[in-house]
Amino acid sequence: MANLDGTVPDAGTRLAAQHAEPKINIITTRDLHDALLRGWEDFKAQPSHLVFIALIYPIAGVMIAQLTVTYNIFPLLFPLLGGFALLGPFAAIGLYEVSRRRELGMDSSWNHAFGILRSPSIGQILLLGAMLTGLFIAWLFAAWFIYRGLLGLPPDVSTPDFLRAVFTTFDGWVMMIVGNSLGLLFAILAFSISVVSFPLIIDKGVDAPTAIKTSIAAVEANPRVMMYWGLMITGLLVLGCLPVLVGLVVVMPVLGHATWHLYRKVVEA
């Protein structure tokens, strides 16, 4: 398996990388702040390149909003925008590669971010990405069933009438409570299987099951700190959505790079 830096491990190294159980470190909230700071430094080092890559986030968000209006599926706007974050770790694979190359003192121009698509591990990356996509689709179906079961408004309901039903009726409040509770479970599951799994696959060439197992182990070993990390991500994403998702151009690449540096702190080299 040839790495992106051109080195070719022997067969024994490949086998060991695929089956070895990575060791997990115990981290603190100070490590989270340091990871964010390093992510910011990576962003400042290549801002034009990273903004170009990160434009996909606000553009995709605006397209989602437009589709909900065009096809009159406004009730799915919030689940679509909220669930879109489930795919963030997969969408940031190019940013992980930029951080990896900067860490090694290698050229980290924007074309190297797309070079990850030529990685020998791309199959495992796509497999894990497909799992997150499946969670995203499952969340949308669950949100739609909850909406239809509790409110079931006519398909041609206007936006003001929909919002009035959501915020001023008992069924609307129940829908919000049940929907947000279920959404939290989906978010926890996606976070647990992906918090360090993509960087681990890129860095070590492990298979997807090993990466998922390691990611879950990292959360279990650092539950409080990982909870803080999840809350930090949520808070920054909310800020990034203001105004009109433009802030995501900065927030998403910083979080992507910070995730790489968090991986370095959590998984023992």
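Parameters at a glance
Residues numbered from 1 in each chain as written. Predicted model: local features only at pLDDT ≥ 70, side-chain atom pairs only at ≥ 80, totals over all residues. Heavy atoms only, no water. Helix = DSSP H or I, 4+ residues; strand = E, 2+ residues; numbered from the N terminus. Buried < 20%, exposed > 50% of the residue type's maximum accessible area, 1.4 Å probe, protein only. Contact = heavy atoms within 4.5 Å. Areas by Shrake-Rupley, 256 points an atom, 1.4 Å probe, with all protein chains shown as cover. Core = buried A, V, L, I, M, F, W, Y, C linked by side-chain atoms within 4.5 Å. UniProt positions renumbered as here; feature names shortened; annotations may be inferred.

*Asks:* Before we move on, can you summarise the overall build of the chain with the specific residues and values?
*Replies:* For the chain, the helix and strand inventory stands at 15 helices and zero strands. The 269 residues of the chain split such that 46% are buried. Of the contacts formed within the chain by residues at least 6 apart in sequence, a portion of 76% connects residues at least 24 apart. With the model as given, the accessible surface of the chain reaches about 13,500 Å², and the carbon-plus-sulfur share is 70%.

*Asks:* Residues and numbers for the nonpolar core, please.
*Replies:* Ile125, Val195, Met226, Trp229, Leu262 and Val266 are the most contacted members of the largest nonpolar core, which has 54 residues in total. For this core, the elements supplying multiple residues, two or more each, are α2 (29–45), α7 (93–103), α9 (122–150), α11 (170–194), α12 (197–204), α13 (208–221), α14 (223–240) and α15 (248–266). Setting aside residues up to four positions removed in sequence, Val195 forms contacts with Ser215, Val219, Met226, Trp229, Thr259 and Leu262. Leu153, Phe162, Ala165 and Met175 belong to the second largest nonpolar core, which has 10 residues in total.

*Asks:* Now, about the UniProt feature "transmembrane region" (unreviewed entry) in the chain: what can you tell me, with residues and values included?
*Replies:* Feature annotation in UniProt places "transmembrane region" (unreviewed entry) on residues 50–67, 73–96, 125–147, 184–202 and 228–255, given in this structure's numbering. This span, residues 125–147, is 100% helix and 0% strand, and a straight line between its end C-alpha atoms measures 33 Å. Spanning residues 184–202, this segment combines 89% helix with 0% strand, and its end C-alpha atoms are found 28 Å apart.

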